[in-house]
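# Summary of the model geometry
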Amino acid sequence: MRGAHLAVEGITHRYRRAGQPAVCDISFEVNPGEALALVGRSGCGKSTLLHIMAGLVPPTQGTVRIDGLSVVEPSPRWVVMFQQPSLYPWMSVAQNVALGLKFTGRKREIATRVPEMLRLVELSDYADRNVQDLSGGQQQRVALARSLASSPEVLMLDEPFSALDAFTRGTLQRDVRRIAKDLGITLVLVTHDLAEAVVMADRALVLATNPGRISKVVPIDLENRDDLRTPEYAEARARLAAAYETAAGRELESSGTGGPSATPDDDGLNAARPAAR
Amino acid sequence: MSTDLVADAFMEGEVSAQRRAGQWKALRSLGYAVAGMALLLVAWWIGGLLVENDPALVAFADFAPEPALARLVEMIASGEAWAMTVPSLGRVMEGLALAVAIGVPVGIAIGRVPVMREITNIPFQFLRMISPLSWMPIAVMAFATWDGAIVFLIMIAAVWPVLFSTAAGLKRVDPAWFRVARNLGARPWHMLFTIILPAISQDILTGIRLALGVAWIVLVPAEYLGVTSGLGYAINDARDTLEYDRLAATVVIIGVIGFVLDFACQQAISRLSWHRDD
Ligand SMILES: Nc1ncnc2c1ncn2[C@@H]1O[C@H](COP(=O)(O)OP(=O)(O)O)[C@@H](O)[C@H]1O
Ligand SMILES: [Mg+2]
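Residues numbered from 1 in each chain as written. Chains lettered and ligands numbered in written order. Predicted model: local features only at pLDDT ≥ 70, side-chain atom pairs only at ≥ 80, totals over all residues. Heavy atoms only, no water.

### Here's the deal with the overall build of chain B
Rules: Runs of E in the DSSP output that reach at least two residues are strands. Runs of H or I that reach at least four are helices, and both are numbered from the N terminus. Based on C-alpha atoms, the radius of gyration is set beside the globule rule, defined as 2.2 Å times the residue count to the power 0.38. Whether a residue is buried, partly exposed or exposed follows from its accessible area with a 1.4 Å probe, protein chains only, as a fraction of its type maximum: under 20%, in between, or over 50%, in that order. Contacts are residue-level and defined by heavy atoms, with any inter-residue pair within 4.5 Å sufficient. With residues, only the protein chains shown are counted as cover, and all accessible areas are computed by Shrake-Rupley using a 1.4 Å probe. For the charge count, each Lys or Arg is scored as positive and each Asp or Glu as negative, with His and the chain ends excluded. For charged residues, the charge sits on one atom: NZ in Lys, CZ in Arg, CG in Asp, CD in Glu.
Within chain B, the regular secondary structure consists of 10 helices and zero strands. Order of helices (α) and strands (β) in chain B, N terminus to C terminus: α-α-α-α-α-α-α-α-α-α. For 278 residues, the compact-globule estimate of 2.2 N^0.38 gives 19 Å, and chain B exceeds it by more than 25% at 25 Å. Referenced to the eigenvectors of the C-alpha coordinate spread, the extents of chain B come out at roughly 75 × 65 × 30 Å. Taken across its 278 residues, chain B has 38% of its residues classed as buried. Taking the intrachain contacts of chain B between residues at least 6 apart in sequence as the baseline, contacts between residues at least 24 apart amount to 72%. Accessible area for chain B stands at about 16000 Å²; split by element, carbon and sulfur atoms hold 70% of it. Here chain B contributes 19 positively and 23 negatively charged side chains, and the mean placements of these two sets differ by 15 Å.

### Comments concerning the pairing of strand S8 (residues 186-191) of chain A
Looking down a regular strand, the side chains alternate between one sheet face and the other. Residue and element names in this part refer to chain A. The test is simple: Strand pairing follows a simple DSSP-based rule, namely that at least 2 bridges must link the two strands. If the strands point away from the viewer and the path from the first strand over the helix to the second runs clockwise, then the crossover is right-handed.
The element S8 is extensively covered by neighbouring structure, given that six of its six residues are classed as buried. Neither face of S8 is left uncovered, since the one carrying Thr186, Val188 and Val190 and the one carrying Leu187, Leu189 and Thr191 both have all their residues buried. Inspection of the sheet shows strand S3 (residues 35-39) paired to S8 by five bridges, in the parallel sense. Residue pairing across strands places Ala37 opposite Leu189, the latter belonging to S8. Relative to S8, strand S7 (residues 154-158) runs parallel, the two being bridged by five bridges. Along S8, the bridge assignment pairs Asp158 with Val190. Crossover connection from S7 via helix H5 (residues 166-183) to parallel S8: handedness right-handed.

### Here's the deal with the domain arrangement of chain A
Residues and elements named next belong to chain A. Rules: Note: domain ranges come from an automatic or database domain assignment. When two parts are put together, the accessible area they lose, computed with a 1.4 Å probe and summed over both, is reported as buried area. Just to be clear on terms, a salt bridge is a Lys or Arg side-chain nitrogen sitting within 4 Å of an Asp or Glu carboxyl oxygen. Any pair of nitrogen or oxygen atoms within 3.5 Å is treated as a polar contact; in protein, a donor-acceptor pairing is required on top of that, and neighbouring residues in sequence qualify only through side-chain atoms on both sides. When residue character is reported, Ala, Val, Leu, Ile, Met, Phe, Trp, Tyr, Cys and Pro are called nonpolar, Asp, Glu, Lys and Arg charged, and the others, Gly included, polar.
By domain assignment, chain A separates into domain 1 (6-77 + 155-276) and domain 2 (86-151). If you look at the interface, domain 1 gives 14 residues, while domain 2 gives 11 residues. Summed over both partners, the interface of domain 1 with domain 2 comes to about 1000 Å²; 72% of that surface belongs to carbon and sulfur atoms. Per-residue buried area on domain 1 facing domain 2 is highest for Pro76, Leu172 and Ile179; these three make up 42% of the total on that side. On the surface where domain 1 and domain 2 come into contact, there are one salt bridge. With a closest N to O distance of 3.1 Å, Arg141 and Asp175 form a salt bridge. Joining domain 1 to domain 2, the criterion identifies two residue pairs in polar contact (both at pLDDT 80 or more). The residue makeup of the side of domain 1 that touches domain 2, split by class, is 10 nonpolar, two polar and two charged.

### A few points about the interface of chain B and chain A
At the interface, 18 residues of chain B touch 26 residues of chain A. At the junction of chain B and chain A, the tally comes to zero salt bridges. Where chain B meets chain A, there are six residue pairs in polar contact (both at pLDDT 80 or more). Among the elements of the structure, helix H7 (175-183) and helix H8 (188-223) of chain B are those that each provide at least two residues to the side of chain B that touches chain A. Of all the elements, H7(B) adds the most residues to the side of chain B that touches chain A, at seven residues.

### Observations regarding the UniProt feature "domain: ABC transmembrane type-1" (unreviewed entry) in chain B
Test applied: UniProt positions are given in the numbering used here, feature names are shortened, and annotations may be inferred rather than shown by experiment.
Following the UniProt record, one finds the feature "domain: ABC transmembrane type-1" (unreviewed entry) at residues 85-265 of chain B. Annotation note: span residues 85-265 of chain B, helix share 85%, strand share 0%, distance between end C-alpha atoms 19 Å.

### Some thoughts on the side chain of B:Asn183
Looking at the secondary structure, you find B:Asn183 in helix H7. Classification of B:Asn183 as buried rests on a relative accessible area of 2%. Apart from the residues lying within four places of it in its own chain, the contact partners of B:Asn183 are A:Pro74, A:Ser75, A:Pro76, A:Trp78, A:Val79 and A:Val80.

### Here we look at the sheet that holds strand S2 (residues 23-30) of chain A
The strands making up a sheet associate through hydrogen bonds between their backbones, and the pairing can be parallel or antiparallel. Residues and elements named next belong to chain A. Selection rule: For helices, the fitted line uses only the C-alpha atoms of the stretch in contact; every axis is such a line through C-alpha atoms, and the angle between N-to-C directions lies from 0 to 180 degrees.
Read from one edge of the open sheet, four strands run S2-S1-S4-S5, paired in antiparallel fashion. The open sheet has two edge strands, S2 and strand S5 (69-70), and neither has a second partner. Both strand S4 (residues 61-66) and S5 contribute to a ladder of two bridges, which runs antiparallel. Residue pairing for S5: Arg65 is matched across the bridge by Ser70. This element, helix H1 (residues 46-53), spans strand S1 (6-13), S2 and S4 of the sheet and lies at about 125° to S1.

If you want it as structure tokens, here you go:
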């Protein structure tokens, strides 16, 4: 398994009946195996951009290329994980994990691949359980195993841990990064949680709001991501926070409404969700 | 470790207490059911007494529980009860199968395609309100056999609950389930058989249960038509031959079988459901 190269070229997207585009002229690249975070305030178009990158939403303008191939529809080669695990409650854990293989006609691999994935997310003992018996964090692990079973080259995450408690979230952040690095998968993470971006990403794109544009690129080169009390972590986090403030401030100047708010992300694309945190 | 054991013991105690509470509840509701049936029997018996003591109605005295139940036992022993039930069950099952074969696909199309919903909404609400029995003359003309006409009437009555229940169930399905499936590479047939049908199985079964109730009600008047078999025919025949004990016994058979069918449906629903009701 090897990560793919990802190129976003001049993406602009305007929702029907919306005046301003949700995202405007966004271009960047992600290297194979790299972990990239898209950060920005709620409503700045992070989810929109990720959905476009995954082929779930066709953009108004621009193209997304994965290993040179233009993305026009979703594919098991680039999978998205959402805030809600959305497991199928009429299936066992193992059946959920096997779905991607079943859909893509790789049924012969199910017997080996599913136990392997469950081992990866440390849920081997739960294969035959009904998913409704699992905790939120365990369900998100199953969703991760399900996403990884068909050996994707890119894993995209849309605030996947924001409904979880702080401890579970921390563990999953580290585990997902480790798994992606071990497998060499390219990781794209959408978040409004700066700590999450610092823990998980090699690089962060900070987006400004109204319209969503790239405001700054912040490299995050941390040796040790397990200990959050190092000066390197504090420094990286401060740099990201400064870029985040700048992006928010620029928006303040241009729109003149509201202050830098701490309201939780209200995400137009994730329709059903419990209160985050 | 020891606290774990204590906790386990506590849990076990808790579980068995819950089980005892559950058993007690089941026993109590059985008691209520028996009491309710006894009340019904008493009402029937009082009705019988009133009829017997009214000179104008005395000819109908065989409606009372004693003659009717005696006749019922006789009918069961002779196989007559079974013989009149089988054709009726056959017609209901045929009509219901057709209703499901039409109602489920159309319901899915309506639930999945908004334009279909908009177009069909008013005509279907309109057609649904027409008593199935008002189609009788048309059915009789359109079908070569009486059996065909009866099955058609049952189908017309049963199709609406199945159709509406399927469509409503699909509308309630979490859109994220479709999005995730698409992302995992689901083709349309995967979507149908792996996601949609299991997701709405309970709604479909609930629709079938409602449909069965309606079909069973429509069956008897439909069997007043032409045919010479079945429960509806038996009622008509008993009236013509003035055997009111046989008529009352047939009514009891209709009620019991309807109840059993509904109970079986209910069991199937709770057996197949993936919904957690706690
Ligand atoms: N389906 C939609 N239709 C119309 N506007 C939308 C839709 N989804 C999101 N938007 C709008 O697009 C902007 C960006 O939304 P989104 O991508 O969800 O931002 P983020 O994920 O960063 O919070 C917001 O102003 C939002 O209101
Ligand atoms: Mg979002």
